[in-house]
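Spelled out, the chains give:
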Amino acid sequence: MQSFLEPEQPTILRWWPLAALVVGLATVLSVFTGYSEPQTAAASPNPTQQSRILQSVTTLQGRLHRMPNDSLGWAQLGSAYVELARITADPSYYAKAQGVLDKSLALKPEDNGPAMLGLGALANARHDFGAAKEWGLKALAAQPRSAEVFGVLADAYTQLGDEGGAMDAVQNMLDVKPNVASFTRASYFFETHGRIDDARMALDRALAAAGAPDEIAFCRYYLGELAFNSGDLAEADRQFTAGLRVVLDQTLQQGQAKVAAAQGNIERALGAYKNLVMRTPLPQYIVEYGELLDAAGRQEEAAAQFEILAQQQKLMEVQGATDDLATSLMLADHGDKAEALRRAEAEWGRRHNVLVADALAWALHVNGRDAEALPYMDKAMALGWNNALFAYHRGMIHLALGQSADAEKYLAQALATNPHFSVLHAPIAHKRLAELRSGR
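Residues numbered from 1 in each chain as written. Predicted model: local features only at pLDDT ≥ 70, side-chain atom pairs only at ≥ 80, totals over all residues. Heavy atoms only, no water.

As named in an unreviewed UniProt entry, the protein chain is Tetratricopeptide repeat protein, taken from Kibdelosporangium philippinense.

Okay, structure coming up:
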């Protein structure tokens, strides 16, 4: 079978008839920076994803109390803890996951695919992508036809910047189980390679494969994100609203809040973000809320949010989870610029991913080292990703170097891609572009 990921095969629709699709949502794109999760009165009364996982944890704990030598049960419990950490932003679950997964391996050291898979997912969640790759390969040796293992490897290879490895893992995942989890990873691959139409078709296939309300909401959220990132606010709002008619989901609420802010409905957006960070203080929500507060002239409240984020990141590090990428971007815009550069350089030392290249370029820029920054922007944009923030960063670096024509080109590209790409940076892009054009 020819790979659907090859550019000469622009659509994956021909390869898997809908009747053959397998329904089920694995741990999908849980580590992809810039992706997150989601509301209306018509939401479904179905139990939330979190409550179902907690119920599963209770069931597994009871089973393990009766059968303490059940290596599979310990592995399943560990994977459940990893998922709880992701959806609750509670890093204490990482240590719990580590403990029970280690116990599973102690009970069955050889060919323990479920425990190795869980440790790979845990390493991805902690942003230790090198370890995730190693555990994924070990799990693959034990379970060579596991879609979930290919998912862990796809996430690890993507974050490590291994494009060939990521493509092969996603293709293998689709070959084994063409479901929501595999199609959404395919969509991300397409998007980061500038193939937006293919990314949208992959998400449409994921939506067609979705069965449970959480799966439908998940697909609607990423369809909304794809639309928002392309500057289509109406389509983004339609997708977020459609998802919220199915299930009450905080990521869809975040999507609606972002659309409201882009439409100028600041008070509505602020109210939505306040509710989000009070219930689930995910780093992305805190940053977006803080920047919106700052844009609304509420600087003290904004500073408080960034302080909360800084404290949260310290707690994450205590639990073995490091995210120097997100921390660097936050500090470059809102904190210690020298520390932002140190963090970005540390992350680049671990992995050469396009997101890290962009963060390092931006950290060099805010520290006045623009000539050094430009080669990293080349690396960030090498895949052809239509990323408005990347284009903005490059435009501002050219501007600082006095390269007006290139600055105008990339600032215009950022705003053409998505005129609402950032509450903080989009207004600056508009202002600088207007100055460049008026000075011609």
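*Asks:* Could you give me a rundown of the overall build of the protein chain, with the residues and numbers involved?
*Replies:* The helix and strand inventory of the protein chain stands at 22 helices and zero strands. Expressed as a percentage of the 440 residues in the protein chain, the buried residues total 53%. If you sum the accessible surface of the protein chain, you get close to 17900 Å²; carbon and sulfur atoms cover 54% of it. (Helix = DSSP H or I, 4+ residues; strand = E, 2+ residues; numbered from the N terminus. Buried < 20%, exposed > 50% of the residue type's maximum accessible area, 1.4 Å probe, protein only. Areas by Shrake-Rupley, 256 points an atom, 1.4 Å probe, with all protein chains shown as cover.)

*Asks:* Which residues make up the pattern of salt bridges, and what values do they have?
*Replies:* On inspection of all chains with the given rule, the structure shows 21 salt bridges. Notably, a salt bridge pairs R350 with D324, separated by 2.5 Å at the nearest N-O pair. Note that R350 is positioned in helix α17 (residues 337-350) and D324 in helix α16 (residues 324-334), a separation of 26 residues in sequence. By relative accessible area, D324 is classed as buried at 7%. Between E347 and R350 there is a salt bridge; the shortest N-O distance is 2.5 Å. One end of the pair, E347, and the other, R350, are both in helix α17, three residues apart, so they sit about a helical turn from each other. Residue R350 is classed as partly exposed on the basis of its relative accessible area, which comes to 43%. Connected through shared salt-bridge partners, E317, D324, E339, R342, R343, E347, R350 and R351 make up one network. (Salt bridge = Lys/Arg side-chain N within 4 Å of Asp/Glu carboxyl O.)

*Asks:* Give a detailed account of unusual backbone geometry, specifying residues and quantitative values.
*Replies:* One non-glycine residue, D111, lies in positive phi territory at about 55°. Mapping D111 onto the fold places it in the loop between α3 (92-107) and α4 (113-125). The exposure class assigned to D111 is exposed, which follows from its relative accessible area of 56%. Backbone geometry at H127 places phi at a positive 65°, although glycine is not the residue there. For H127, a relative accessible area of 15% corresponds to the buried category.

*Asks:* Give a detailed account of the nonpolar core, specifying residues and quantitative values.
*Replies:* Counting residues in each nonpolar core, the largest one holds 67 residues, and the members touching the most others are V57, L77, Y81, L84 and L122. With 10 residues, helix α10 (residues 213-229) is the largest single contributor of residues to this core. With near-sequence residues (within four places) excluded, L122 lies in contact with V82, Y94, A97, Q98 and L101. A89, A272, L282 and A388 belong to the second largest nonpolar core, which has 61 residues in total. (Core = buried A, V, L, I, M, F, W, Y, C linked by side-chain atoms within 4.5 Å. Contact = heavy atoms within 4.5 Å.)

*Asks:* Pulling in residues and values, what's your account of the packing of helix α14 (residues 283-295) against helix α15 (residues 299-318)?
*Replies:* When two helices pack together, you describe them by how their axes are tilted relative to each other and by the distance separating the axes. Two numbers describe how α14 lies on α15: the axes approach to 7 Å, and their chain directions differ by 160°. By the criterion of interaxial angle, the relationship of α14 to α15 is roughly antiparallel. Helix-helix and strand crossings are classified by hand; for α14 and α15 the assignment is left-handed. Across the interface between the two elements, P283, I286, V287, Y289, G290, E291, L293 and D294 from α14 touch Q299, E301, A302, Q305, F306, I308, L309 and Q312 from α15. (Axes fitted to C-alpha atoms, helices over the stretch in contact; angles between N-to-C directions. Parallel < 35°, antiparallel > 145°, perpendicular 65-115°, else oblique. Left-handed = near helix turned anticlockwise from the far one by under 90°.)

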